[in-house]
Amino acid sequence: KAGVTQTPRYLIKTRGQQVTLSCSPISGHRSVSWYQQTPGQGLQFLFEYFSETQRNKGNFPGRFSGRQFSNSRSEMNVSTLELGDSALYLCASSERLQVAEAFFGQGTRLTVV
Amino acid sequence: AQSVTQLGSHVSVSEGALVLLRCNYSSSVPPYLFWYVQYPNQGLQLLLKYTSAATLVKGINGFEAEFKKSETSFHLTKPSAHMSDAAEYFCAVSVDAGKSTFGDGTTLTVKP
């Protein structure tokens, strides 16, 4: 099976812009979770989608949003970018039949200048 | 709510020495526990998981971890470190499918 694919791998944006990141989960996985990783805050949970519905949400402002499509692919959007949004954004997929391990993509490195 | 504490943000061992990375968790319900490894500019890769079966869990690359409920611990060990083990290691707890809480990570350095 192909792994979790995140695109793009690297992105540079300017403050105030918006950005959309994409995640294709492992075939058959219906849950997609997003995490933000920064040196100062570590790995922080953003949100999780299952069957096109947001099931869990972390403590991030409304500028961070996401969606999931019928084929389980997910997108994450950040509007009005701030310098502090610079981070590695990781997507993870799982089967979610029960609590199960997450399979991570390589991440998208977002730099806001 | 659940939480994870990884003791020691940096651990350094000599090649061939025992690796011990510490993880303590807090959870109001029986947790699922995981250890992940992350290499530079990569995603996280699962090393092993505890899902309430055997308390001693064996994972990939010679790693294992023991779940100790009385100590609320899930420490990761490997008898003999290799240079290729140098990476960042994360302990995670999950009580809700689709959402994990991660520790701050421990960077393992292996000296020749």
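Whatever comes next refers back to the structure up there.
The rules we used
The numbering scheme is per chain: residues are counted from 1 as the chain's sequence reads. The order in which chains are written sets their letters, starting at A; the order in which ligands are written sets their numbers, starting at 1. Selection of residues for local features in this predicted model requires a pLDDT of at least 70, selection of side-chain atom pairs for listing and counting requires 80 or more, and totals for whole chains, interfaces and linings are taken over all residues. Here the side-chain values reflect all heavy atoms present in the structure, with hydrogen atoms and water set aside. Secondary structure elements follow DSSP: runs of H or I no shorter than four residues count as helices, runs of E no shorter than two count as strands, and numbering proceeds from the N terminus. Just to be clear, the radius of gyration here is over C-alpha atoms, and the globule rule we use is 2.2 Å times residues to the power 0.38. Per-residue and other accessible areas follow the Shrake-Rupley method at a 1.4 Å probe size, with only the shown protein chains counted as cover for residues. Positive charge is attributed to Lys and Arg, negative charge to Asp and Glu, and no charge count is given to His or to the chain ends. To locate a charge, take NZ of a lysine, CZ of an arginine, CG of an aspartate or CD of a glutamate. The classification of residues rests on relative accessible area computed with a 1.4 Å probe and restricted to protein chains. Under 20% of the type maximum is buried, over 50% is exposed, and intermediate values are partly exposed. Two strands are counted as paired when DSSP detects at least two bridges linking them.

Considering the overall build of chain B
Okay, so step 1: Broken down by element type, chain B carries zero helices and eleven strands.
Okay, so step 2: Ordered by position from the N terminus, the helices and strands of chain B form the series β-β-β-β-β-β-β-β-β-β-β.
Okay, so step 3: Radius of gyration (C-alpha) of chain B: 13 Å, near the 13 Å computed for a compact globule of 112 residues.
Okay, so step 4: With respect to the principal axes defined by its C-alpha atoms, chain B has extents near 40 × 30 × 20 Å.
Okay, so step 5: Carbon and sulfur atoms provide 52% of the accessible area of chain B, an area that totals close to 5,200 Å².
Okay, so step 6: A gap of 4 Å separates the mean positions of the 8 positive and 8 negative side-chain charges of chain B.

Here's the deal with the pairing of strand β10 (residues 99–102) of chain B
Residue and element names in this part refer to chain B.
Okay, so step 1: Only one face of β10 is buried: it carries S100 and F102, and the other face, with K99 and T101, is open.
Okay, so step 2: Two strands pair when backbone bridges link them, and strand β9 (residues 87–96) and β10 are joined in this way by three bridges, in the antiparallel orientation. Within β10, the position partnered with A92 by the bridge is F102.

Points about the pairing of strand β11 (residues 108–112) of chain A
Residues and elements named next belong to chain A.
Okay, so step 1: Burial of the side chains of β11 is restricted to one face: T108, L110 and V112 are buried, whereas none of R109 and T111 on the reverse face is.
Okay, so step 2: When strand β2 (residues 10–13) meets β11, the two strands line up parallel, connected through four bridges. Across the sheet, I12 pairs through a bridge with T111, a residue of β11.
Okay, so step 3: Relative to β11, strand β9 (residues 87–94) runs antiparallel, the two being bridged by three bridges. Within β11, the residue paired with L88 across the bridge is R109.

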